[in-house]
Amino acid sequence: MSVSPRLPFPYRPESEIVAGHLQGLAGALDWAAAAHSAQPWVQAVRDNPPPFWAMESLLKEYPISSAEGLALMRLAEALLRVPDAETAIALTADQLGRADFEGAGDGVMARLSASAIAMSKMFLPEGGQPNLMSKLGARTVVAATLRAVQLLGRQFVLGQTIADAMAEADDSRKKIPNLRFSYDMLGEGARTDADALRYLASYTHAIQSIAAGASPTGATEKNDGISIKLSALHPRYEDAQRERVMAELVPRVWGLCELSARANINLTIDAEEVDRLELSLDVFEALAALVAQHHPQWQGFGLAMQAYQTRALELIGHIAAIGRKYKLRLMCRLVKGAYWDSEIKRAQEMGLPHYPVFTHKHHTDVSYLACAQALLAAPDAIYPQFAGHNAATIAAILQMASRNAVPFELQRLHGMGEGVFREVLKNPLISCRVYAPVGAHRDLLAYLVRRLLENGANSSFVHQLADESVGMGELLTSPLRLEPESSLPLPPALYGPGRPNSLGLDLTVQSMRAPLLAALASTPVPVVSEFDAKLAAKAVTKGVSSYQKWSKAPVAERAAILRRAADAMEQQTPKFCALLVKEAFKTWGDAVSEVREAVDFLRYYANEAERIMQPVALPGPTGETNELRLTARGVWVCISPWNFPLAIFTGQVAAALATGNAVIAKPAEQTPGVALEAVKLLHEAGVPEGALQLAHGPGETVGAALVAAPLVAGVVFTGSTQVAKIINRALAAKDGPIVPLIAETGGINAMLVDSTALPEQVADAVVQSAFRSAGQRCSALRLLCVHEGIADHVIEMIKGAAQELVVGETADLATDVGPVIDREAYDNIQKHLQRLGSSAKVLVSRAERAQAASDLTANLIPPAAYEVRSLAEVKDEIFGPVLQVVRWGSGDLKDPEAVIAQINALGYGLTLGIQTRIDSRAQGLAAAAHVGNIYVNRNMIGAVVGVQPFGGEGLSGTGPKAGGPHYLYRFCAEQTVTVNTTAAGGNAALLAGGG
């Protein structure tokens, strides 16, 4: 059982937390004295800088906010992994071509690259195919730039092997005896079990190597140690897979702990993202129990914690409780935190009530000091380790520690803070541990980018230290102050005061997911009576009657009703999520996202209607007024699909209602219950019953009758291309007015991956885009086009990641892929699988597991992937978790432009993914593609209302884009009213101003 109490709610007001920290620090710290102690260190570094300033000098010369800094970061991130010369040339030209390195202050880059970067623009092609001479010049520049990036990597990687790193560490100790090292084997989270086992072997070898040079007796903290990432040791290290993690990961880590304990070296579990914190604590406590049982004398087991998390102080209390419970002294490394930007983005995207991290840098500094105070106050359970490079913070730590003589150590990153620590460590009683990355330079990228982003801000101490224009007072200013507001708009206010962001739920937080699970047990799926197709004309007539009144209501009144509906739906999120899980077989994550999208549609279209339906005065001759107005068209038939039975249903209906039209809504016959509850909610919010009628039934009868009925003013449809064509022909054949059709259909959506792309990022994007929602999204990835130079590696990673997905009942939080919607869909997909199984190379197939799963849950289709010989073989959209893969780089797919041309030739145009680090290539390919939504270096699903307006062209739809600023115009007729004001006796105003 875990130690209680558990951590507090992670999404709390920042100012309240900081106020508590400041109160706790009052009287415990004399900042002025700390700053005074730090001044000599800073001055000594500025007067006598290290031979190579590493990060400090680099950031001074090329801050991340500059074109040069950004180019350097992107080259360091991508160039070393590019296998082909042509792409390396293109990447280098793209990045260096937009920067100016010739004005370098102290020549850091000139020393790094032997002036290669300064010469780059002379040799690298600016566009088109380079001739032979320029190509030779380009290759020379790229080779020199590669050397420059490798030298840059050497500043931040202690060694490419553990043996090299340990040798470097020994050399460093000859100069500074009181140095210790914690080796970090480079590598990010595992995507496959093979990755995890490879990282496990790397950690094991490193521990064995460190053990050979360690003292088996004495104080553990005096030996070197290792830092490990739990996400590197399990491909599904996430809260939803808790049972697997505890069963599979804990034994792996325990093996590493046993090796470390026997050798008397320390092992620290690195900190990760906020959504993994509770899981990390459970793993940590399970391991602590094993340590207490088998190696109670070992004092080297530890955990890193991030001061930028709003729960950091409570986390320290929790760790101390674990130490006391198991009678252990645990190592605790306190860091500022390295995932700040991703935590901010996640909270914004998920619509969480507050950020889980501090938004003001000095608030993080306050938290760091409060955490330091707490660590020093628990010497019976904790050995404090303070990681950081801020001279004033170091002085503050030394001041607090001196009051009670608690043993501790300082820590710094290899390649950073060397000047400050050179001065601090002149005191032989102070120990410092260097956090030292180990690995090939090509594996450096994620680590390096985090370090550059973390320390590249203009406000960071590392940045300002090298900038002598920053005075000593400013550099060492006290962080002990409170800002009442977040430095960023809170997630609910992301879109400004006019439109609240829909509130989301973090399913890793027990208190936020509990209402969903309760609703699942208490929410029945309603039985919906089928609409009589013979009454279609009567329903339209009823709609026309209601439309006469509804359209005359002020637009502000209609908008207010939609906003009330949005608020009500948001409050009923658990109920609607439960309905989506039960009736549409949505996973919980997809269900929450869909409710939020429906809420967003209601609010967005309410705002848009108020914006566009105001009369617009137009210029004209004197004595005349001209005014353009938008008016409702009449009764719209809204036909929505089963794959988004709430979001698309609500979006269609809200658009028509907001503009004053009446609606007859025909939901998919598989999901009428969700639609019925949405209609009830809209009626309760104030929409007249005649203005919104529900017509449940088969498309062949009910849908066809509604489309054919007289007096229908428009049809909005989302579904298959085939059905859209049938509707279009039916409307064209009708007598009377020409009726507009808004159609959003499917697509053979492709993702193009070049050899600069990061394989881990590609694998994540592919798995999410192709297999999430069981592939039943209009936007889902169907065709992966990957460069042959990296294809083998990328395909293996995708195969391994797909194999790790959990297929099953969507009511289970652990499920990634639920069943397809019904037996008809299942049988149709099976036909495609049989065809591909005989004509293409099987990459991912889980036939035996599919049968076992289907015995428990009907219509389950596990993720499948096939490699086809050519892009031309991909002719049909397979609406399920099926991916087709083609390689490019030779033949008729020699370059990315040829790939885009063949994608265009397929005739569809809904979504396209581009994975490249060449910015100009991404923009050029996007411009060449006849596709509605293009996503660069991310997944291709989850378009957000008002952020990524959604809709395609060609066989993928008519437009305009749903959730965009042009959508509502199609629901309106335009009317120009011209009034001759001179008809009533002349233009009085003109005459009054005349002579």
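A brief report on the enclosed structure follows. (Residues numbered from 1 in each chain as written. Predicted model: local features only at pLDDT ≥ 70, side-chain atom pairs only at ≥ 80, totals over all residues. Heavy atoms only, no water.)

With that settled, consider the overall build of the protein chain. If you tally the helices and strands in the protein chain, you get 36 helices and 23 strands. Its C-alpha radius of gyration of 32 Å places the protein chain within 12% of the 30 Å reference for a compact globule of 995 residues. In the protein chain, which comprises 995 residues, the share counted as buried stands at 59%. Carbon and sulfur atoms make up 55% of the accessible area of the protein chain, which amounts to about 38,300 Å² in all. Between the centroid of the 88 positive side chains of the protein chain and the centroid of its 100 negative side chains there is a distance of 1 Å. (Helix = DSSP H or I, 4+ residues; strand = E, 2+ residues; numbered from the N terminus. Rg over C-alpha atoms; globule rule 2.2 N^0.38 Å. Buried < 20%, exposed > 50% of the residue type's maximum accessible area, 1.4 Å probe, protein only. Areas by Shrake-Rupley, 256 points an atom, 1.4 Å probe, with all protein chains shown as cover. Lys, Arg positive; Asp, Glu negative; His and termini not counted. Charge placed at Lys NZ, Arg CZ, Asp CG, Glu CD.)

By the definition in use, this model includes 11 aromatic pairs. Look at phenylalanine 601 and tyrosine 605: their rings are 5.4 Å apart centre to centre, the planes differ by 25°, and that puts the pair in the stacked class. With a gap of four residues between them, phenylalanine 601 and tyrosine 605 both fall in helix α25 (residues 588–612), about one helical turn apart. Accessibility assignment for this pair places phenylalanine 601 and tyrosine 605 in one class, buried. Between tyrosine 967 and phenylalanine 971 the ring centres are 5.3 Å apart and the planes differ by 65°, which places this aromatic pair in the edge-to-face class. Each member of the pair tyrosine 967 and phenylalanine 971 is classed as buried. Put simply, the rings of Phe601, Tyr604, Tyr605, Trp636, Tyr967 and Phe971 touch in pairs and so form one group of aromatic residues. Of note, arginine 499 hangs over the ring of tyrosine 495, and the distance from its end group to the ring centre comes to 4.3 Å. The ring of phenylalanine 644 has lysine 586 sitting right over it, with the charged end atom 4.2 Å from the ring centre. (Phe/Tyr/Trp six-rings, centres within 6.5 Å; stacked < 30°, edge-to-face > 60°. Lys NZ or Arg CZ within 6 Å of the ring centre and 35° of its normal.)

All right, on to the pairing of strand β20 (residues 882–888) then. The element β20 is extensively covered by neighbouring structure, given that six of its seven residues are classed as buried. Across five bridges, strand β17 (residues 783–787) lies against β20 in parallel orientation. When the sheet's bridge partners are listed, valine 786 is paired in β20 with arginine 887. The pairing of strand β19 (residues 864–867) with β20 spans four bridges and is classified as parallel. Bridge assignment links tyrosine 866 to a residue of β20, and that residue is glutamine 884. (Pairing = 2+ DSSP bridges.)

Between helix α23 (residues 555–571) and α25, whose axes approach to 9 Å, the crossing angle comes to 165°. When the interaxial angle is binned, α23 and α25 end up roughly antiparallel. At the point where α23 passes α25, the crossing takes the left-handed sense. Contacts between α23 and α25 involve Val555, Ala556, Ala559, Leu562, Arg563, Ala565, Ala566, Asp567, Met569 and Glu570 on the former and, on the latter, Val595, Ala598, Val599, Leu602, Arg603, Ala606, Asn607, Ala609 and Glu610. Per-class residue counts for the contact of α23 with α25 are 13 nonpolar, one polar and five charged. (Axes fitted to C-alpha atoms, helices over the stretch in contact; angles between N-to-C directions. Parallel < 35°, antiparallel > 145°, perpendicular 65-115°, else oblique. Left-handed = near helix turned anticlockwise from the far one by under 90°. Contact = heavy atoms within 4.5 Å. Nonpolar A, V, L, I, M, F, W, Y, C, P; charged D, E, K, R; others polar.)

In terms of nonpolar packing, the biggest core is built from 113 residues, with Tyr183, Leu267, Phe301, Ile319 and Phe386 touching the most fellow members. Judged by nonpolar contacts, the second largest core, of 60 residues, contains Phe576, Leu580, Ala591 and Ala606. (Core = buried A, V, L, I, M, F, W, Y, C linked by side-chain atoms within 4.5 Å.)

What follows is about the environment of threonine 220. Relative to the assigned elements, threonine 220 resides in the loop between α10 (193–212) and β2 (225–228). The spacing of threonine 220 and phenylalanine 301 is 81 residues in sequence and 9.6 Å in space, taken between C-alpha atoms. Beyond its immediate chain neighbours, meaning those up to four positions away, threonine 220 contacts Asn264, Ile265, Asn266, Trp298, Gln299 and Gly300.

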